Amino acid sequence: MDRHKGRGWFIFWCSAPAFLLFIIFMVIPTFNIFRMSLYKWGGFSARRTFIGLGNFRTLFEDMKFLQAFQNTVLLIVVVSVITITLALGYAAILSRIKFKGQNFFRIVFYIPNILSIVIISAVFSAVYDSHNGLLNGILALFKGEGAQPVYWLGNQNIIIYSLAGAMIWQAIGYYMVMYMASMAAIPESLYESAGLEGAGKLTQFFQITLPLIWNNLRTTLTFFIISSINMSFMFVKVMTDGGPDGSTEVFLSYMYKQAYTNSTYGYGMAIGVVIFIFSFALSGIVNLVTRRETLEV
Amino acid sequence: MQYHKPRPTASAIASRFLIYLVLGLLAILIIVPLLWVFMASFKQNSEFYGSPWVLPEGLYFQNYVDAWSKARMGDFMLNSAVTTAMALGMLLIFALPAAYVLSRFRFRLRRLMNISFMGGLFINVNYIVVPIFLMLVAGDKQLRAWGAAPFFLNNLFMLALVYAATALPFTVYLLSGYFATLPVAYEEAAYIDGASNLTTMVRVMFPLALPAIITVILFNFLSFWNEYIIAMTLLSSSTGPKTLPVGLMYLTKAQNARSEFGQLYAGLVLVMLPTLILYMLVQRKLTQGMALGGLKG
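Being a predicted model, the structure only gives us computed values, none of them experimental. (Residues numbered from 1 in each chain as written. Chains lettered and ligands numbered in written order. Predicted model: local features only at pLDDT ≥ 70, side-chain atom pairs only at ≥ 80, totals over all residues. Heavy atoms only, no water.)

Asks: In this structure, what is going on with the interface of chain A and chain B? I would like to understand it.
Replies: With 87 residues of chain A at the contact, the number on the chain B side is 93 residues. When chain A packs against chain B, close to 8800 Å² is buried across both sides, 78% of that on carbon and sulfur atoms. Here chain A and chain B share zero salt bridges between them. Our count for the contact surface shared by chain A and chain B stands at 14 residue pairs in polar contact (both at pLDDT 80 or more). If you tally residues by element for the side of chain A that touches chain B, the top one is helix H1 (residues 7–36) of chain A, at 19 residues. A per-class count over the side of chain A that touches chain B returns 66 nonpolar, 14 polar and seven charged. (Contact = heavy atoms within 4.5 Å. Buried area = accessible area lost by both parts, 1.4 Å probe. Salt bridge = Lys/Arg side-chain N within 4 Å of Asp/Glu carboxyl O. Polar contact = N/O pair within 3.5 Å; in protein donor to acceptor, adjacent residues only side chain to side chain. Helix = DSSP H or I, 4+ residues; strand = E, 2+ residues; numbered from the N terminus. Nonpolar A, V, L, I, M, F, W, Y, C, P; charged D, E, K, R; others polar.)

Asks: What is the right way to look at a nonpolar patch on the surface in this model?
Replies: A cluster of nonpolar side chains, contributed by Val73(A), Val77(A), Val81(A), Ile82(A) and Leu86(A), occupies part of the molecular surface with about 360 Å² of accessible area. Here Val77(A) is to be found in helix H3 (residues 63–96). (Patch = residues over 30% accessible without salt bridge, like charges linked within 9 Å, V, L, I, M, F, W, Y side chains within 5 Å. Areas by Shrake-Rupley, 256 points an atom, 1.4 Å probe, with all protein chains shown as cover.)

Asks: What is the right way to read the packing of aromatic side chains from this model?
Replies: We describe a pair of aromatic rings using the distance from one ring centre to the other and the angle between the two ring planes. Residue and element names in this part refer to chain A. This structure, assessed with the given rule, holds 44 aromatic pairs over all chains. On the numbers, 4.7 Å between centres and 40° between planes, the contact of Tyr175 with Phe224 is tilted. You can see Tyr175 sitting in helix H7 (residues 159–183) and its partner Phe224 sitting in helix H10 (residues 214–239), a full 49 residues away along the chain. On the basis of relative accessible area, Tyr175 is assigned to the buried category, the value being 5%. Measuring from centroid to centroid gives 5.1 Å for Phe205 and Phe206, while their planes differ by 80°, and the two rings are edge-to-face. Looking at Phe205, the relative accessible area reads 15%, which means it is buried. (Phe/Tyr/Trp six-rings, centres within 6.5 Å; stacked < 30°, edge-to-face > 60°. Buried < 20%, exposed > 50% of the residue type's maximum accessible area, 1.4 Å probe, protein only.)

Asks: How should the confidence of the model for chain B be read in this particular structure?
Replies: Low-pLDDT stretches of the model should not have their predicted coordinates read in fine detail. For chain B, per-residue confidence averages 86 on the pLDDT scale, and residues scoring 70 or more make up 90% of the total. In the predicted complex, the global pTM is 0.89; the interface-specific ipTM is 0.87. (pLDDT = per-residue confidence, 0-100.)

Here it is as structure tokens:
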């Protein structure tokens, strides 16, 4: 094809518009986060003062930020461990064992992934409601009517786990389908010979399935970190808005509050920089720690 | 080899039972909250003060009428449909030629573009929503200084453009991966027939890439239709247009204060229904597409 006339212009008109759009709406804003974090810039006035790393110094003495940091890490750990364990287990059952109704379960488990987080948050707000919520309704069946309700979204010690519950509910199906796809690539013969040698289903899972999908597992783990930081913000924004008293504030919700609601842009962007560095550093560490010798089929 | 199905042993029956129990539990956990919302959308307000387990006394459709007109869900749904359609259209116009050229032609900036789009996969839109907002604020300020009407904020077209731009990395990545699998013979044949680069691309290659295009449309439809952080930020004026998820979020907040639950649940069903119906129609395509496209955070 390279012999055509006007090849250069063709390539230009095909690739330049997309690349330009990408530069304007993704590269420049990312760059701006890093640049603006070095300025003291608040309100809608155009006045900006360069203060170097001043915002970062304030940040690490800001108790609310440290609380958001702690909440984010807690959510990443709790949600990723439980979600990935359950998703792996369900994927193994659905792809390794034949039984009636498999398709039905696969379809149902994926449903949360197609719903808007607004909907899931609103549904869970209703489920967790202290007066006429579903969860307290179930508890009342055991404890009897008129029992003291649990304040799932009011008690500062519980609320972060209530959020984690909603996040796990949302994520299981997605990761399950991911793992099912990579488990489908494992040749059946491996399981057959293992079965002849007398290996049980559980042994097969740990000796064959897990090592062979390990690389896929590592990739999902890396993406999980970035996605949990993002998801926790989306749930918090609708369900709690960081409250009560900052007990559910997470990285992005605190950044959004500072930069958008309070209009302290410079400070907000400094939080953004920390989030960027944190998520890439954590992904890198996880990637290193989970490195194993690759097994090829 | 003749193979007779062995009679199920007691332990086989027990393990089968266990599998259904484990799977059934998750299925119930996913279905019950959604069914419960659906049921609650038909309840009158007074019914919400009783037990959450009671079935609605009748089908109270007034909730839907209220949600549609009083809570303006009808307008919001139209806004969402327009935004999603515009965003999908722009995305395909920009991404298809770029993906094709990047996978088929060798040119100087190709490597840089490929690496940039790959890097873009790791930038979550919610990380950069505030700088995008500030950029559009600055644009509007400039327009006002020139005596023109503000254009960039509270504009569905701009929202759609931001959606399209930020979906580019994933879309280009998926599409160019697919183009790379198509044999070059098609283009060579078209070239011998005297077709130009443009004709070859539009008439020959795009139709061949239809499966990948459909996957791209499905995934991006869901993410545009459900998105609300960017929409909430860029459509901040109280008199301006809102999309469905944003309208629903305000309804959640307002309803908690005014306790008109029926309307809220009806609103939830209205937002859920289109995606659920689409999912039922294309669920196989969607979960297969996930394996094809790899990851999306």
